[in-house]
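Below are the chains, spelled out letter by letter.
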Amino acid sequence: MPRQNKILNASTEKIAIYAIGAGITYFLIVKPILVKLGIVKSAAELEQERINTGNIDTYISDAIRLQSPTKSVGEWTIIANRIYEALRYSGLSDDKDDAIYQLARAKNDADIATLYKSFGKRQEYLFGVPYAGLQDLVSFIKSNLDGDQINTVNDNYRRKGIKFRF
């Protein structure tokens, strides 16, 4: 019996060493690389996202309380789907002009709030491979449009008196 316990302890010890090594490798090497590539979000990014989500939720509730959307929720859902279809395949077949056009259909803050709610959280694909996890409308637009295109949308909103900016 003592011999079996010694063998069992040696194999258990070996497994524990491998598990600890794998954990250290992940946290010191793999995770920082995944954060740099944008596949995994850092703690600071997660905290900022939480704050932004709270701000957006406040904006949405205020906008819908103060104004009425110019289109029905169903129409905004169709527009959200068109934006998603236009941008979901980064690097392969995106139609940024159509996405900008769909974003420009908003006429007031309640429209943006309804569009944001209708968009929800969706998956982005890079060359057909799921990338960066689920994203809301703001994250999706910021990751797919360049600065000039975002400025075009924001200028359109400014001229219409919409407070929301990407």
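### Examining the pairing of strand β3 (residues 129-135)
As a general feature of sheets, a regular strand has side chains that alternate between the two faces. Pairing of strand β2 (residues 122-126) with β3, which is carried by five bridges, proceeds in the antiparallel orientation. Among the inter-strand pairings, Gln123 is bridged to a residue of β3, identified as Leu134. Following β2, the chain reverses through two residues before pairing antiparallel with β3; Phe127 in that reversal takes a positive phi of roughly 55°.

### Remarks on the environment of Arg82
Within the element layout of this structure, Arg82 appears in helix α3 (residues 73-87). If sequence neighbours within four positions are ignored, Arg82 has contacts with Asp98 and Gln102. Among the polar contacts made by the side chain of Arg82, one reaches the side chain of Asp98 at a distance of 3.4 Å.

### Here we look at the side chain of Glu124
Counting through the fold element by element, Glu124 comes out in strand β2. Notably, Glu124 is buried but unbridged: the nearest opposite-charge side chain belongs to Lys96, and the N-O separation is 8.6 Å. At 3.5 Å, the side chain of Glu124 and the side chain of Asn144 are in polar contact.

### Description of the packing of helix α2 (residues 43-66) against helix α5 (residues 109-119)
The geometry of α2 relative to α5 is characterised by a closest axis approach of 8 Å and an angle of 130° between their N-to-C directions. Looking at the two axes, α2 sits oblique to α5. You can see that α2 and α5 cross each other, and the crossing is left-handed. In contact with Ile56, Tyr59, Ile60, Ala63 and Ile64 of α2, α5 contributes Asp109, Ala110, Ile112, Ala113, Thr114, Tyr116 and Lys117.

### Let's talk about the pattern of salt bridges
Inspection of every chain in the model, using the stated rule, returns four salt bridges. Here Arg82 ties to Asp98 by a salt bridge, and the two come within 3.4 Å at their closest N and O atoms. With Arg82 in helix α3 and Asp98 in helix α4 (residues 96-103), the pair connects residues that are 16 residues apart, well separated along the chain. Judged by relative accessible area, Arg82 falls into the partly exposed class, the value being 39%. The buried category is assigned to Asp98, whose relative accessible area is 16%.

### Overview of the confidence of the model for the protein chain
Taken as a whole, the protein chain shows an average pLDDT of 85; of its residues, 92% reach a score of 70 or greater. Per-element mean pLDDT across the protein chain ranges from 72 in strand β1 (residues 89-90) up to 96 in helix α7 (residues 147-160).

### Focus on the layout of surface pockets
Of the voids in this model, the largest pocket is the one considered here, and its volume is about 520 Å³. Residue assignment for the lining of the largest pocket shows that the elements contributing at least two residues are α2, β3 and α6 (137-144). If one sorts the elements of the lining of the largest pocket by residue count, α2 sits on top with seven residues. When the residues that make up the lining of the largest pocket are grouped by side-chain class, the tally is six nonpolar, eight polar and six charged.

Rules and cut-offs
Residue numbers here run from 1 along each chain, matching the order of that chain's written sequence. A pLDDT threshold of at least 70 governs which residues receive local features in this predicted model, and a stricter bar of 80 or more applies before side-chain atom pairs are shown or counted, although totals over entire chains, interfaces and linings include all residues. Excluding hydrogens and water, the side-chain values take into account all heavy atoms of the structure. For two strands to count as paired, DSSP must find a minimum of two bridges between them. Counting from the N terminus, the helices are DSSP H or I runs at least four residues long and the strands are E runs at least two residues long. Here, residues are in contact when the closest pair of their heavy atoms is within 4.5 Å. Contacts described as polar in this section are N or O atom pairs within 3.5 Å, which, within protein, must combine one atom able to donate a hydrogen with one able to accept it, while residues neighboring in sequence count only if both atoms come from side chains. Burial classes follow relative accessibility: with a 1.4 Å probe on protein chains only, a residue under 20% of its type's maximum area counts as buried, one over 50% as exposed, and anything between as partly exposed. Here Asp and Glu are counted as negative and Lys and Arg as positive; His is not counted, and neither are the chain ends. Between Lys or Arg on one side and Asp or Glu on the other, a salt bridge is scored when a side-chain nitrogen of the former is within 4 Å of a carboxyl oxygen of the latter. Only the stretch in contact is used when fitting a helix axis, every axis being a line fitted to C-alpha atoms; angles between N-to-C directions are given from 0 to 180 degrees. An angle counts as roughly parallel when it lies under 35 degrees, as roughly antiparallel when it exceeds 145, as roughly perpendicular when it falls between 65 and 115, and as oblique in every other case. What makes a crossing left-handed is the near helix being turned counterclockwise from the far one by less than a right angle; a clockwise turn instead makes it right-handed. pLDDT measures the predictor's confidence residue by residue and takes values from 0 up to 100. Detection works on a 1 Å grid of protein atoms alone, calling trapped sets that fit a 1.4 Å probe cavities and calling open sets with protein on both sides within 12 Å along at least five of seven lines pockets, with lining residues defined by an atom within 4 Å of a point. Grid points are joined across faces, edges and corners, and a volume is the space filled by probe spheres set on the points. Note on residue classes: Ala, Val, Leu, Ile, Met, Phe, Trp, Tyr, Cys and Pro are nonpolar, Asp, Glu, Lys and Arg are charged, and everything else, Gly too, is polar.

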